[in-house]
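# Architecture at a glance
What follows is the residue order along each chain.
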Amino acid sequence: MTATLDRAAARRWMDAFAADFETQRVRLTELDRAAGDGDFGANLRSALGKVQQRLAADPQTARAVFAAVSDAFLDTGGTSGPLFGMWFRALSRALPETDPADVTQLAEGVREGTATVQRLGGAEVGDKTMVDAMVPAVAALTDATGTGPQQALTAAAEAAEAGAASTEDLVARRGRASYVGEVARGVLDPGALAVALFFRAGARALDG
Amino acid sequence: MTATLDRAAARRWMDAFAADFETQRVRLTELDRAAGDGDFGANLRSALGKVQQRLAADPQTARAVFAAVSDAFLDTGGTSGPLFGMWFRALSRALPETDPADVTQLAEGVREGTATVQRLGGAEVGDKTMVDAMVPAVAALTDATGTGPQQALTAAAEAAEAGAASTEDLVARRGRASYVGEVARGVLDPGALAVALFFRAGARALDG
Amino acid sequence: MSVKKFLNDPDDLVVEALEGLVTASAGRLRLHRDPLWLESAAADADRRVTLVSGGGSGHEPLHSGFVGPGMLDAAVPGAVFASPTALQVVAAVRGVDRGAGVLLIVKNYTGDVLNFQIAAEIAAEEGIEVETVLVDDDLASESDDGPGRRGTAATVVVEKVCGAAAARGLPLAEVAELGRRVAAGARSMAVALEGAVHPGEDVRSFDLAADEVEHGVGIHGERGIDRRPMAGAHELVGALTEPLVAALGLAEGDRAVVVVNGLGSTHLLELYVVFREVAALLEARGIGLARSLVGPYVTALDMAGASVTLVRADDELLGLWDDAVTTTALTWETR
Amino acid sequence: MSVKKFLNDPDDLVVEALEGLVTASAGRLRLHRDPLWLESAAADADRRVTLVSGGGSGHEPLHSGFVGPGMLDAAVPGAVFASPTALQVVAAVRGVDRGAGVLLIVKNYTGDVLNFQIAAEIAAEEGIEVETVLVDDDLASESDDGPGRRGTAATVVVEKVCGAAAARGLPLAEVAELGRRVAAGARSMAVALEGAVHPGEDVRSFDLAADEVEHGVGIHGERGIDRRPMAGAHELVGALTEPLVAALGLAEGDRAVVVVNGLGSTHLLELYVVFREVAALLEARGIGLARSLVGPYVTALDMAGASVTLVRADDELLGLWDDAVTTTALTWETR
Ligand SMILES: Nc1ncnc2c1ncn2[C@@H]1O[C@H](COP(=O)(O)OP(=O)(O)O)[C@@H](O)[C@H]1O
Ligand SMILES: Nc1ncnc2c1ncn2[C@@H]1O[C@H](COP(=O)(O)OP(=O)(O)O)[C@@H](O)[C@H]1O
Ligand SMILES: [Mg+2]
Ligand SMILES: [Mg+2]
Ligand SMILES: [Mg+2]
Ligand SMILES: [Mg+2]
């Protein structure tokens, strides 16, 4: 079956993301503790819990699914909550009113969302934030415009993973981790890792 | 010289009382500490300081002197301040508008003042308070009506001293000392001692 | 080393604070010295009953914060936790009398009672009509003998209601009668989580373990009825409120004014949690929540803790409660 | 064992306190849930600008105590010391807009700024006119880089003045401009005598020796600029106030609104002593004491300490300050 990006796929995608996050939660919290304030895991878990509540209303399109995801994140604390919330909001708005969505729309949404995160948070690539995983994913999705969603998301996941990995050797210049300076070197950025997890979950969810 | 109870005598009386009190202050405080809250010396010293201030206005009769003394005590804290204040107030009011005063008037004033103290404080003789020295003094002054002020005050001092001494074996039933029960037995009541000091100072002050 | 407080010489604390209060009042309050008392500067109707209250300092905003139109005409502050002198009270009574008489509102403590009574007698001798209302709401200090229940947070309600009655022009006897009725229908109970520290001293009035509270405390740092285990707000507040309901015999259909009072350092967030528990308890019993106050109104310096006051309410009392009041600590327009 | 506070589950503290507040308001406030925000229930003129503020809890009476006619239309409370979410703010903005636009008053903290900015963008997309005033008065946090000065007690003055301007019917741009002018002319500085304790925790935000104070603290238990020896009120208050006068360039003939704010557990007696020192310092420099507030208005839970705020005053600002206001924590008739 050729995967299409529709309501069902979006739901599978979010479920897969939640499941993957849960396996990584302790690690993500440890990373935030090493270079931040140690609440990243709790913040993301809270957001994903609210996602489940909002998805209970059974939104009828992929666009509506991500709108619900956005609201859930916008209703969560921490720095990651509102930034992810606005990221998902742009993603939702780029998708069509009726399913399915195509890769061009997906790429457009992630580009818009990433631009919003950068505008709001002021972070550039190399500042050791979620942006370090988002920006390469935008590029990969744009390059994958000719392909199907599953292929495009696999490319995005690979790019995001590389971007997240690159944060290890950086010193943070944005967010709470920026206060600790050299101490953060050698610590992966949990926000960037979460972005990579999200795209990898998408690639798996659309695989059949 | 036959002593008369006039402005000058009243001033000498208060000066003598202040001087005698100062020699006994530490002891009076110790007694209040043993059976009360230990501020009796401070309260009385504060009152006598205010007396000096008020006497600077140079009241012109014995009556006016004791009115100033009354106000000073009424402007002082503790239980002894207001009770002594009302005691001196009655004393002042029993003295004539023009000097000198006689023993009948003095006796009348001390009787009235003691009655007021008893009404306000609710203490009877035997309750281990200043009343134990005041009531015998009233009786002595009344018996001395035919004599001069110096003789009358000597009789009052003796009676008050005996009354004060009698408090040693009592358990307090009024005032702060009543909270400590048997602990107060063996401790003289400082208020009663102060009353005795007052009359003894008067006897001395009117002696020439 | 004494516990840190904002002060210069501890002996000047009360006077300096009053000077600050008067400066902040921008002309609405006037301070008299030698003897010390605080007066409302508001020009107000002639020949009406005036109100004087007072007591030891350290309970602010009581009484100084309640001086102004619709409440007290004067407050007479003693040293911290010590009665003002009779002469201070007499001076205030003389100062505020407008020929219609003066009501003294007195919290039931031996020193206050004595000094206010003497002041009342002296003023009466001078031809001033004086009546006294004794506030004795603290259920924890109820006993068969002894000096009777202490006066605590119900004082605010008595002062408000009597202030409104005086402002309406009621005669002294009626204002006093109203005050006595409010006081008779009021009971309070307090619990401390930590003792208070007297200015210039270095120890708390009592020491509590991390898992203990002092139940039934007064407002002078004195010990309470008993030491109990720390518990959740629901349980702590129930233990304060149930006995009040019982003592006042409040039943379904009755109405009450509720004061949830902070004893000093307890945060407003907590006081509202306490109030929520009181309101829930009353609602469960069908007792109407007629009016309420929540905040630090009658403090015990920086004690951590709260008191609950219930006052039996009727239409007359509530009407007076709703009248306008303009003081530093309590202000509203006619409701 | 956590430090004793009146609460049930610490996670429920904020909501339970809001429930208590709303019950005590007797219909003057309304609580919305999912998302959580607090609204003034006062029926007020149509088509006028409305005001929304908010931030972490633990600063009460800020902001919930300032909701009502003449001040805020809504307050959006976060968890203790944590920003409310963007969705809470959006819900409040949608709820209070009457077609004339909404002013957001935001204390300068990264989380608050981010969430309020997002809310402003979402509301704007929905066609609601939105303006934001950022309050950044805390002189202690001034630096060349970094997130800029923190927002502290000047927030009360901004909320009061903007609330009055909105009530007078001024358009959004003017109300916002006024708020920015007040904020630009306001500086604050705080000193802590003891740290605060977060509900459910057992240690103070910082520990001070018996002879130390923390100079230049914020309102979230964070450390200040430096640790100084404990001193008398005169010296402590001078160290807070002098830099404010200098930073605002206040000179003889200028006027200022003064806020002496308790950080939580500091007694009113002490705050008035602090105020007396501020007033004396201004008087000595010929700076007019235009208006003042003394009390716990912007607290840091139960921190012991005080802040001093000076706001450059002019006739327009003072006229708005004097307009009527009817909230839980600030009430007066037109002066
Ligand atoms: N200014 C910023 N721009 C983009 N991302 C940021 C920024 N600040 C922080 N982040 C991201 O947020 C993550 C931390 O999120 P979280 O723990 O929820 O926030 P907080 O720092 O408020 O506790 C970081 O790992 C980083 O990826
Ligand atoms: N009810 C009372 N009636 C008469 N005298 C009393 C009464 N209570 C206390 N006293 C007297 O007051 C004295 C204590 O005075 P003081 O120390 O000034 O008062 P306090 O007990 O308030 O500290 C006692 O020694 C006693 O003589
Ligand atoms: Mg974090
Ligand atoms: Mg965080
Ligand atoms: Mg004593
Ligand atoms: Mg004493």
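Rules used in this analysis
Residues numbered from 1 in each chain as written. Chains lettered and ligands numbered in written order. Predicted model: local features only at pLDDT ≥ 70, side-chain atom pairs only at ≥ 80, totals over all residues. Heavy atoms only, no water. Salt bridge = Lys/Arg side-chain N within 4 Å of Asp/Glu carboxyl O. Buried < 20%, exposed > 50% of the residue type's maximum accessible area, 1.4 Å probe, protein only. Axes fitted to C-alpha atoms, helices over the stretch in contact; angles between N-to-C directions. Helix = DSSP H or I, 4+ residues; strand = E, 2+ residues; numbered from the N terminus. Left-handed = near helix turned anticlockwise from the far one by under 90°. Contact = heavy atoms within 4.5 Å. Nonpolar A, V, L, I, M, F, W, Y, C, P; charged D, E, K, R; others polar. Donors = N, O, S within 2.8 Å, 3.2 Å for Na, K, Ca; no water. Near = heavy atom within 4 Å. Polar contact = N/O pair within 3.5 Å; in protein donor to acceptor, adjacent residues only side chain to side chain. Buried area = accessible area lost by both parts, 1.4 Å probe. Phe/Tyr/Trp six-rings, centres within 6.5 Å; stacked < 30°, edge-to-face > 60°. Least-squares fit on C-alpha atoms with pLDDT ≥ 70 in both.

Overall, the coordinates contain 85 salt bridges over all chains when judged by the stated rule. Measuring nitrogen to oxygen at the nearest pair gives 2.7 Å for the salt bridge that ties B:Glu182 to B:Arg185. Two residues, C:Asp226 and C:Arg228, come together in a salt bridge whose shortest N-O distance is 3.1 Å. On the basis of relative accessibility, which here comes to 29%, the residue C:Asp226 falls in the partly exposed class. Judged by its relative accessible area of 32%, C:Arg228 is partly exposed. Within this structure, C:Glu16, C:Glu19, C:Arg33, D:Arg276 and D:Glu277 form a network of salt bridges that share partners.

Contact pair helix α7 (residues 268-284) of chain C / helix α1 (residues 13-24) of chain D: the axes reach a minimum separation of 7 Å and the direction vectors enclose 65 degrees. With respect to the hand of their crossing, α7(C) and α1(D) are arranged in left-handed fashion. Contacts between α7(C) and α1(D) involve C:Leu269, C:Tyr272, C:Val273, C:Phe275, C:Arg276, C:Glu277 and C:Ala279 on the former and, on the latter, D:Leu13, D:Glu16, D:Ala17, D:Glu19, D:Gly20, D:Leu21, D:Thr23 and D:Ala24. Here the contact of α7(C) with α1(D) is built from residues that sort into nine nonpolar, two polar and four charged.

Another point: unusual backbone geometry. What you tend to see is this: most non-glycine residues have negative phi, and most peptide bonds are trans. All names here are of chain C. Note that the residue after Leu-62, namely His-63, is joined by a cis bond; omega there is -10 degrees. Residue placement: His-63 occurs in the loop between β3 (50-57) and β4 (74-80). Phi angles above zero are rare outside glycine, and Leu-301 is one such case at about 55 degrees. Among the secondary structure elements, Leu-301 is positioned in the loop between β11 (288-295) and β12 (304-312).

What follows covers the coordination of the magnesium ion (ligand 3). Protein coordination at the magnesium ion (ligand 3) comes from A:Asp32 (OD), A:Asp37 (OD) and A:Asp39 (OD), with a distance range of 2.0 to 2.4 Å. All donors of the magnesium ion (ligand 3) come from a single chain, and their spacing in sequence reads D-x4-D-x1-D.

Our focus in this paragraph is the site of ligand 2. All names here are of chain B. For ligand 2, the set of nearby residues contains 19 residues, the closest of which are Asp-39, Asn-43, Thr-79, Ser-80 and Asp-189. A distance of 2.8 Å separates an oxygen atom of ligand 2 from a polar atom in the side chain of Asp-37. Between ligand 2 and Thr-79, the relevant distance is 2.6 Å, taken from an oxygen atom to a side-chain nitrogen or oxygen of the residue. At the level of elements, α2 (40-55), α4 (80-94) and α8 (190-205) are the ones that each hand at least two residues to the shell around ligand 2. Among the residues forming the shell around ligand 2, the class breakdown is five nonpolar, eight polar and six charged.

Right, let's talk about the interface of chain D and chain A for a bit. Chain D puts twelve residues into the contact, and the matching count from chain A is 14 residues. At the boundary of chain D with chain A, total buried surface from both sides reaches about 1,100 Å², with 59% on carbon and sulfur atoms. When the area that chain D buries against chain A is broken down by residue, the three leading residues are D:Leu87, D:Leu114 and D:Ile118, summing to 41%. Inspection of the region where chain D meets chain A yields three salt bridges. A salt bridge links A:Arg119 to D:Glu121, with the nearest nitrogen and oxygen atoms 2.5 Å apart. Broken down by secondary-structure element, the contributors of at least two residues to the side of chain D that touches chain A are α2 (86-96) and α3 (110-125) of chain D. Considering every element that reaches the side of chain D that touches chain A, the biggest residue donor is α3(D), with seven residues. Considering only residue class, the side of chain D that touches chain A consists of six nonpolar, four polar and two charged.

So, on to the packing of aromatic side chains. All names here are of chain B. The full count for this structure, using the stated rule, is 28 aromatic pairs over all chains. On the basis of an interplanar angle of 80 degrees and a centroid distance of 5.3 Å, the ring pair of Phe-17 and Phe-198 is categorised as edge-to-face. Of this pair, Phe-17 sits in helix α1 (residues 7-35) while Phe-198 is found in helix α8, placing the two residues 181 residues apart along the sequence. The pair formed by Phe-17 and Phe-198 is uniform in burial state, with each residue classed as buried. Relative to Phe-198, the ring of Phe-88 lies with its centre 5.2 Å away and its plane at 80 degrees, an arrangement referred to as edge-to-face. Of the two residues, Phe-88 sits in helix α4 while Phe-198 sits in helix α8, which places them 110 residues apart along the sequence. Taking the relative accessible area as the measure of exposure, Phe-88 reaches 1% and is therefore buried. Using a relative accessible area of 1% as the deciding quantity, one classes Phe-198 as buried.

Here we take up the coordination of the magnesium ion (ligand 6). Residues and elements named next belong to chain B. Protein coordination at the magnesium ion (ligand 6) comes from Asp-37 (OD) and Asp-39 (OD), with a distance range of 2.1 to 2.2 Å. In this structure the magnesium ion (ligand 5) is found 3.7 Å away from the magnesium ion (ligand 6), and Asp-37 serves as a bridging donor for the pair. Residue class for Asp-37 comes out partly exposed when judged on its relative accessible area of 36%. Given a relative accessible area of 26%, Asp-39 falls into the partly exposed group.

In screw terms, the move from chain D to chain C is a rotation of 180 degrees and a rise of 0.0 Å along the axis, fitting with an RMSD of 0.0 Å. On this basis, the relationship between the two copies can be described by a two-fold rotation axis. Residues of chain D ranked by C-alpha distance from the rotation axis are headed by D:Ser265, positioned 2.0 Å from it. The residues that chain D uses at the interface reappear at the interface of chain C in 98% of cases, marking a shared surface.

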